[in-house]
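Structural overview for review
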Amino acid sequence: MSDAPSHAPEKSILPSWVKGPQDFIGGIALMAIAAFALWASSDLQGMHGFSFGAGTAPRMFGILLLALGAAVTVVGVLTEGPRLAVYAWRGPLFVSLAILCFALCIRPMGMVFSAMASFLIAALGTAETQWKETIIVGACLTAFCALLFPYALGLPLQMWPTFLIR
Amino acid sequence: MGDLFSNLGLGFSTVFQFVQWAPPFLGGLSIPIPINILLCLIGALVGTLVGVLPGIGTIATVAMLLPITFGLPPVGALIMLAGIYYGAQYGGSTTSILVNIPGEAGSVVTALDGFQMAKQGRAGPALAIAAIGSFFAGCVATVLIAVLGAPLTKLALAFGPAEYFSLMVLGLIFAVVLAKGSVLKAIAMIVFGLLLSMVGSDIETGASRMSFNIPELADGLGFATVAMGLFGFAEIIRNLDAGGEEDRDLVQQKVTGLMPTKKDLKDSAPAILRGTVLGSILGILPGGGAVIASFAAYTLEKKLSKHPQRFGRGAIEGVAAPESANNAAAQTSFIPLLTLGIPPNAVMALMVGAMTIHGIVPGPQVMQKQPELVWGMIASMWIGNLMLLVINLPLVGIWVRLLRVPYRLMFPSIVVFCSIGIYSVNNAPMDVVLAGVFGLLGYWLIKHDFEPAPLLLGMVLGPLMEENLRRALLISRGDATVFFTRPLSASLMAISAFLLVLALLPALRKKRDEVFVESES
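Residues numbered from 1 in each chain as written. Chains lettered and ligands numbered in written order. Predicted model: local features only at pLDDT ≥ 70, side-chain atom pairs only at ≥ 80, totals over all residues. Heavy atoms only, no water.

1. Remarks on the overall build of chain A
Threshold: Secondary structure elements are defined from DSSP: runs of H or I of at least 4 residues count as helices, runs of E of at least 2 residues count as strands, and each element is numbered from the N terminus. When accessible area is computed with a 1.4 Å probe and restricted to protein chains, residues below 20% of their type maximum are described as buried, those above 50% as exposed, and intermediate ones as partly exposed. Working rule for contacts: check all heavy atoms of both residues, and any pair within 4.5 Å makes them a contact. For the area figures, the Shrake-Rupley method with a 1.4 Å probe applies, and any residue is considered shielded solely by the protein chains shown.
Across its full length, chain A holds five helices and zero strands. Taken from the N to the C terminus, the helices and strands of chain A come in the order α-α-α-α-α. Residues classed as buried in chain A amount to 44% of the 166 residues present. Contacts spanning at least 24 positions in sequence make up 61% of the contacts within chain A whose residues lie at least 6 apart. When the accessible surface of chain A is split by element, carbon and sulfur atoms take 72% of a total near 9,100 Å².

What follows is the structure, given as structure tokens:
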């Protein structure tokens, strides 16, 4: 997303010597991920003799990523680059909630309920949602999936809540 | 030559295989159905259907539809996936011509002239030329795969672990050089992918790595999970904050008169030919693929044309060349996958994921042990292209109507469909959560201008690279120079180094950016 926002320059929280905030933050985050991976694989066995231990390759890639992250950060400091993109909160929040809801509901409540519920939660992700059509489309999609996955594709999925089946 | 025909014969007989189907409601009566052709047809149809939806690219389409092929036998599943892939690609060009929203990077250039043609009321010929060009390119590429397949496999069998490792390095470097955007960031993404592939149990020692005692992580991060998160969910979230509705100025006129005129055909024939050649070459290169092929083909046409100013104003060559190149590259990129077992791009990486789920380890052995799988797939490519031509032209009206589906209804449907798909792979709710996490990660990556495709490629190649590196070093008794002393490996490494240096040189970087710049102007 390279299209820079056209409105007035916002005040950056980053110091002024950072010329490309997008790369700067991106590089730091990569370094953090690499450091975390190095920590997580620190208890694994390293080289013994000629042969690799379980930890050799993860450590190799971790160190490589650390170096690359540092390079991206340096590029972010030295070269003019795009500012931080503006994050929307509504879309990511409700889509994540919908996914989470599905994951939590699918075992106890079955597919029909979970699909409908997460459809409605995901629909909250945009202000354009009109509830009447959303509910109709959600119901149709749920019915379609209830036919497609178990019957047409032969994937065993539980349809209804466990307490109803028992 | 005789080999070639017997191989292709095997392929076509696999594709035309009939299965006796005896549904209970017919009372014991069985009907023969051509199962593989049917799967190819369904794949192409469904692929187009999803690929047409604006904002959903080829990779996302293939990732999303991956679970529906899991219940099938391996040959059928791969044929269907291949069908989905072409369908998605064709769907992407339809959207770029009709709505000016390229569904995927590969059809960005098609939108330049295609949409202009549509505005002039010539959407029909544009779509027809795209289909005809793709079909022609597909035919050529299919023959090319069949011709190159066997000899390359023989070459691959001579490869030792050191050569394999060097070849993978070369592939990854190619992927970086031919990709859009910063070289450094693309390399960082590949290494990130390699690191992610380390999660799970170590193949040799069985030690659990970075799995934090989460049972779902013990087998490693599911490939389908990561792909759906990074491409499916992330794209949805990204599209949401772009405001799905604002930039959809759909061509409102009815699409009439599909047939291109004689002049159209005459103008586009050489463009199709050049596009096919260029695309076929770029597709075979590891790391190459549809995106660079269509950009390069468009640039070439513009350079060769006597009236370059026509480009961007509805020149039919501007549709014909990139579309042919696109499709040729999409198919020839199967060559490294089928012969060497190395996926050259993200879509092929998804194919590897699908193969692994069916218990097939891609590589030269597959062609020898399961020839009906490989040749069946190759033959199905040709059939798939024919089907696209036959299905899509009459169905354009339906695709246009699909484009009118508002995003506010589309995205919750995709969220639900993806969730069910991921859950159905292992019946594990944790996988759905992980895909959500990767969706957020993908959103963050997009916001910071990191490309998710190299990450996926790194993730697939990770275990292969580790295994070959280990073996090579074990055989050479710990001597790391083995990669530079064995002639084949050394030359592969030398090419990699050379390419990387070239990519970092400012002069060439400018040239490379020039090829991609068309999309912005």
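2. A closer look at the packing of aromatic side chains
The condition is simple: Stacked, tilted and edge-to-face pairs are distinguished by plane angle, under 30 degrees for stacked and over 60 for edge-to-face with tilted covering the rest, among Phe, Tyr and Trp rings (Trp via its six-membered ring) whose centres lie within 6.5 Å.
Applying the stated rule across the entire model yields nine aromatic pairs over all chains. Plain terms: the ring middles of F36(A) and W39(A) are 5.9 Å apart, the flat faces sit at 35° to each other, and that makes the pair tilted. Taken as a pair, F36(A) and W39(A) lie in helix α1 (residues 21–40) at a separation of three residues, close to a single helical turn. F36(A) gets classed as partly exposed once you look at its relative accessible area, which sits at 45%. Using a relative accessible area of 57% as the deciding quantity, one classes W39(A) as exposed. In this structure an aromatic cluster arises from ring pairing among Y85(B), Y86(B) and F334(B).

3. Description of the packing of helix α7 (residues 161–177) of chain B against helix α21 (residues 487–504) of chain B
Residue and element names in this part refer to chain B. Our working definition: Axis definition: a line fitted to C-alpha atoms, over the contacting stretch in the case of helices. Angles run 0 to 180 degrees between N-to-C directions. For classification purposes, an angle smaller than 35 degrees is called roughly parallel, one larger than 145 roughly antiparallel, one from 65 to 115 roughly perpendicular, and anything else oblique. Handedness of a crossing is defined here by the sense of rotation of the near helix relative to the far one, left-handed for an anticlockwise turn of less than a right angle and right-handed for a clockwise turn. Basically, the charged four are Asp, Glu, Lys and Arg, the nonpolar ten are Ala, Val, Leu, Ile, Met, Phe, Trp, Tyr, Cys and Pro, and anything else, Gly included, counts as polar.
Here α7 crosses α21 at 15°, and the two axes come no closer than 8 Å. Considering their axes alone, α7 and α21 lie roughly parallel with respect to each other. You can see that α7 and α21 cross each other, and the crossing is left-handed. Contacts between α7 and α21 involve A162, E163, F165, S166, L167, V169, L170, I173, F174 and V177 from the former and L488, S489, L492, M493, I495, S496, L499, L500 and A503 from the latter. When grouped by side-chain class, the residues that make up the contact of α7 with α21 number 15 nonpolar, three polar and one charged.

4. Points about the interface of chain B and chain A
Stated formally: Accessible area that two parts lose when put together, with a 1.4 Å probe and added across both, is what the buried area reports. Here, a salt bridge means any side-chain nitrogen of Lys or Arg that lies within 4 Å of a carboxyl oxygen of Asp or Glu. Any N or O atom pair separated by 3.5 Å or less is treated as a polar contact, with the protein-specific requirement of one donor-capable and one acceptor-capable atom, and with residues adjacent in sequence counted only for side-chain atom pairs.
Listed as interface residues are 61 residues of chain B and, on the opposing side, 69 residues of chain A. Approximately 5,700 Å² of surface area, both sides summed, lies buried where chain B meets chain A, with 79% of it carried by carbon and sulfur atoms. The three residues of chain B that bury the most area against chain A are R408(B), I420(B) and K447(B), which together make up 11% of that side's buried surface. Applying the counting criterion to the chain B and chain A interface returns two salt bridges. We note a salt bridge from K185(B) to D23(A), for which the minimum N-O separation is 2.5 Å. The interface formed by chain B and chain A holds six residue pairs in polar contact (both at pLDDT 80 or more) in total. The set of elements that each furnish at least two residues to the side of chain B that touches chain A consists of α8 (183–197), β4 (208–209), α9 (223–242), α17 (407–426), α18 (429–447) and α19 (452–475) of chain B. Examining the composition of the side of chain B that touches chain A, we find that 13 residues originate from one element, α17(B), more than from any other. Taken together, the residues of the side of chain B that touches chain A sort by class into 38 nonpolar, 11 polar and 12 charged.

5. Topic: a nonpolar patch on the surface
All names here are of chain A. The following threshold applies: Grouping into patches uses exposed residues only, defined as over 30% relative accessible area, and leaves out salt-bridged ones; the cut-off is 9 Å for like charges and 5 Å for nonpolar side chains (Val, Leu, Ile, Met, Phe, Trp, Tyr).
On the surface, a nonpolar cluster with roughly 530 Å² of combined accessible area is contributed by W89, L93, L97, L100 and L104. Examined against the element boundaries, L104 turns out to sit in helix α3 (residues 90–123). Assessed through its relative accessible area of 61%, L104 is described here as exposed.

6. A word on the UniProt feature "transmembrane region" (unreviewed entry) in chain A
Residue and element names in this part refer to chain A. Quick reminder of the rule: UniProt positions are given in the numbering used here, feature names are shortened, and annotations may be inferred rather than shown by experiment.
Under the UniProt annotation, "transmembrane region" (unreviewed entry) lies at residues 24–40, 61–79, 91–122 and 134–153. Measuring from the first to the last C-alpha atom of residues 91–122 gives 8 Å, for a span that is 100% helix and 0% strand. The distance separating the terminal C-alpha atoms of residues 134–153 is 26 Å; by composition the span is 95% helix and 0% strand.

7. Description of α21(B)
The line we're drawing: A helix is expected to span 1.5 Å for every residue after the first.
Taking 1.5 Å of rise per residue, 18 residues should cover 26 Å, and α21(B) covers 26 Å from first to last C-alpha, within 8% of that figure. Along α21(B), the residues that are buried comprise S489(B), A490(B), L492(B), M493(B), S496(B), L499(B) and A503(B).

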